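Below, each chain spelled out in residue letters.
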Amino acid sequence: MTDMAYDARPADEATGPRRSVWTGKVLRWLLTLLPGIAFLVFWQWAAGRLIKEIYVSKPTAVALRLYELFASGEIYPHLWTTGEELVLGYVIGVSGGVIGGYALGRSPRLARIFEPYVMAFYGVPKIALAPLFIIWFGIGIGSKVALASIMVFFLVFYNVFTGVRSVDRELVNLTLVMGANQRQLTYHVFLPASAPFVMLGMRMAIPYSVIGVIVGEFTSSTQGLGLFIHEASANYDPAGVFAGIVILLGFVTIAGALAGRLERRLLRWQKPSGVGPSDI
Amino acid sequence: MSDSLLVFDGIGQDFPTPGRRAMVRVLDGISFDIDRGKFVAVIGPSGCGKSTLLQMAAGLLAPTRGAVRHHGRNVTSVNTEVGFVPQQAQLFPWKTLQENVELPLLLRGVPTAERRERVAAALKSVGLDGFESHYPSQLSGGMQKRGSIARTLVYRPDIILMDEPFGALDAQTRMVMQSDLQTLSIEAGATIVFVTHDITEAVLLADNVVVLSQRPSRLLANIPIDLPRPRNMFEPFRNAGFEAAYDAVWTEFRSQIDTGRVH
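Residues numbered from 1 in each chain as written. Chains lettered and ligands numbered in written order. Predicted model: local features only at pLDDT ≥ 70, side-chain atom pairs only at ≥ 80, totals over all residues.

Quick look at the overall build of chain B now. Each helix and strand in chain B was counted, giving seven helices and 10 strands. What you see for chain B is a C-alpha radius of gyration of 19 Å, in line with the 18 Å of a compact globule of 263 residues. Counting the 263 residues in chain B, one finds 44% classified as buried. Within chain B, residue pairs in contact and separated by at least 24 positions form 69% of the contacts whose partners lie at least 6 positions apart. (Helix = DSSP H or I, 4+ residues; strand = E, 2+ residues; numbered from the N terminus. Rg over C-alpha atoms; globule rule 2.2 N^0.38 Å. Buried ≥ 20, exposed ≤ 12 C-beta atoms within 10 Å, placed from the backbone. Contact = placed C-beta atoms within 7 Å.)

Pasting the structure below:
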């Protein structure tokens, strides 16, 4: 054998001294946190000095407000409603996007007929539909789920559609010659080949589902974080507004981390370029 | 009706030209046979439709005129009795080497125990044992090519169609691969159709060299190569009779290389 293997497993790194690895990890975390901490410190200092506190509140006040909200249990109904809307909207939107994108990606005939329509609706600012959705689906969670799912749908749809269409024709032919039927072709070639696109769409869709839900709740609702933020702002309660935003931030961060973990697991076959931990 | 394993019978192929209504004639009445256990190389200038012939044999493309017969039956749909080794290795990047080589057996419903055994044997025969759990991105170009060949050998296809399989490899790897392919094909008694544009490669590997002309291509010659085996792939000129064989192919081929034209 004259060939060389490029082994991507960082086998040697793991066998190095444990402590230096840990120190490096902690150091990296600190470096990441530093700008955030600096910002919070500046905010705390500037509130009441540079800008009136009534406009921007301050981190300690926000933290206190958050504590109160959770301690009194006042926030839980809002949290529950918004969480439900987010999950439902996201799941419906992603499922629809994957199924639609996959179907149109696999069938050039379907794509020729429906692509112009999808393209046209893609251009419509979905936020503009919020009042209409309230009329159609009521002020309950239905309208928010609809708004979130339609925003998520288009994103995922386009990613999956592009992904399926970009599958190498030669690879497909090769698999057919190997003896695959259509179902096997889907399972062994089209699904894994489009997985990176599906994952990208799913990750990008997370903030969009939040936007959809919050805009829906802003427009009209009886419960939810959007309503809570809206009311806090109407009552000149900036600490309440920021507390709501911090909770949303938490939502997005946790969902993003989960999606990232799923992505790394499903796509571990990809070249380790950019996904692996980079050294300082 | 001949008793050959694979027969190209008066193959003609027209392709539409982009932007114009006229068709371009690519292949014009190509006929040749491949006997069982033979290694046939097809050479011709670029764009002459060599690869198109392979696609027809695999049933991925229907010829405009004429027919491909395999076992005496016309090939009209995807031909799963052949194996196809493309120019790029085309391993599935999301499957490990083991899973890649296993796939054809899985698709064909071979039981697990037998699958494992045959995959191990195929990987060993191309010298890739020990790399089962590597993903293709972790293998070099030459190793990917070996994997691609193992994935074809593993289901013991009737005929192996190879489309310039070593074109993208560096010179050294290429010689090693040619030598290994010779060994493998002799051991397996495989029937191979090998498309290339390299005369030396064709002469060294093949029992017969089919020479195609420029577009619209016709069959110029079907030249038997009677060099004794095993042949020395590393020093072509050391094979007794190599010069004469090369000359016979080159005489036919030279008329097709005209330096003034851009292909």
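A separate point is the pairing of strand β2 (residues 23-34) of chain B. Residues and elements named next belong to chain B. Note that strand β1 (residues 6-16) and β2 share nine bridges and pair antiparallel. Bridging across to β2, D14 finds its partner in R25. Joining the antiparallel neighbours β1 and β2 is a turn of six residues, in which G19 adopts a positive phi near 85°. (Pairing = 2+ DSSP bridges.)

The next subject is the environment of T76(B). Here T76(B) shows up in the loop between β5 (73-74) and β6 (82-85). As for T76(B) and D226(B), which are separated by 150 residues in sequence, their C-alpha atoms are 34 Å apart.

All right, on to the domain arrangement of chain B then. All names here are of chain B. Its domain assignment divides chain B into domain 1 (4-81 + 158-258) and domain 2 (91-157). Computed from C-alpha atoms alone, the centre-to-centre distance between domain 1 and domain 2 is 25 Å. Between domain 1 and domain 2, the residue contacts involve 11 residues of the former and seven residues of the latter. Every element with two or more residues in the side of domain 1 that touches domain 2 is listed here: β7 (159-163) and α5 (171-188). Among the elements that take part in the side of domain 1 that touches domain 2, α5 stands out by supplying four residues, more than any other. Classifying every residue of the side of domain 1 that touches domain 2 by side-chain character gives eight nonpolar, one polar and two charged. (Domains from an automatic or database assignment. Nonpolar A, V, L, I, M, F, W, Y, C, P; charged D, E, K, R; others polar.)

It is worth spelling out the packing of helix α2 (residues 97-107) of chain B against helix α4 (residues 141-153) of chain B at this point. In a pair of packed helices, the angle between the axes and the distance between the axes together describe the arrangement. Residues and elements named next belong to chain B. In contact at an axis separation of 7 Å, α2 and α4 are set at 30° when each is read in the N-to-C sense. Our classification of the angle between α2 and α4 gives roughly parallel. Every pair of crossing elements has a handedness; the one defined by α2 and α4 is right-handed. Each of L97, N100, V101 and P104 in α2 lies in contact with α4, whose residues at this interface are G147, A150 and R151. Classifying every residue of the contact of α2 with α4 by side-chain character gives four nonpolar, two polar and one charged. (Axes fitted to C-alpha atoms, helices over the stretch in contact; angles between N-to-C directions. Parallel < 35°, antiparallel > 145°, perpendicular 65-115°, else oblique. Left-handed = near helix turned anticlockwise from the far one by under 90°.)

Moving on: the nonpolar core. Residues A57(B), V193(B) and V209(B) are the most contacted members of the largest nonpolar core, which totals 76 residues. Shared between two domains, this core takes at least three residues from each, and those domains are domain 1 (4-81 + 158-258) and domain 2 (91-157) of chain B. In contact with V193(B), not counting residues within four places along its chain, are I34(B), V40(B), V42(B), L54(B), A57(B), I159(B), L161(B) and M162(B). Formed by 48 residues, the second largest nonpolar core is a distinct cluster that contains L147(A), V160(A), I247(A) and F251(A). (Core = buried A, V, L, I, M, F, W, Y, C linked by C-beta atoms within 7 Å.)

What follows covers unusual backbone geometry. Cis geometry marks the peptide bond from R215(B) to P216(B); its omega dihedral reads -10°. Relative to the elements of secondary structure, P216(B) occurs in the loop between β9 (208-212) and β10 (219-224). R229(B) connects to P230(B) through a cis peptide bond whose omega is -5°. Along the chain, P230(B) turns up in the loop between β10 and α7 (242-254). Here Y236(A), not a glycine, exhibits a phi torsion of approximately 50°, which is positive. By the element assignment, Y236(A) lies in the loop between α11 (225-234) and α12 (238-266). For Q90(B), which is not glycine, the phi dihedral falls at a positive 55°.

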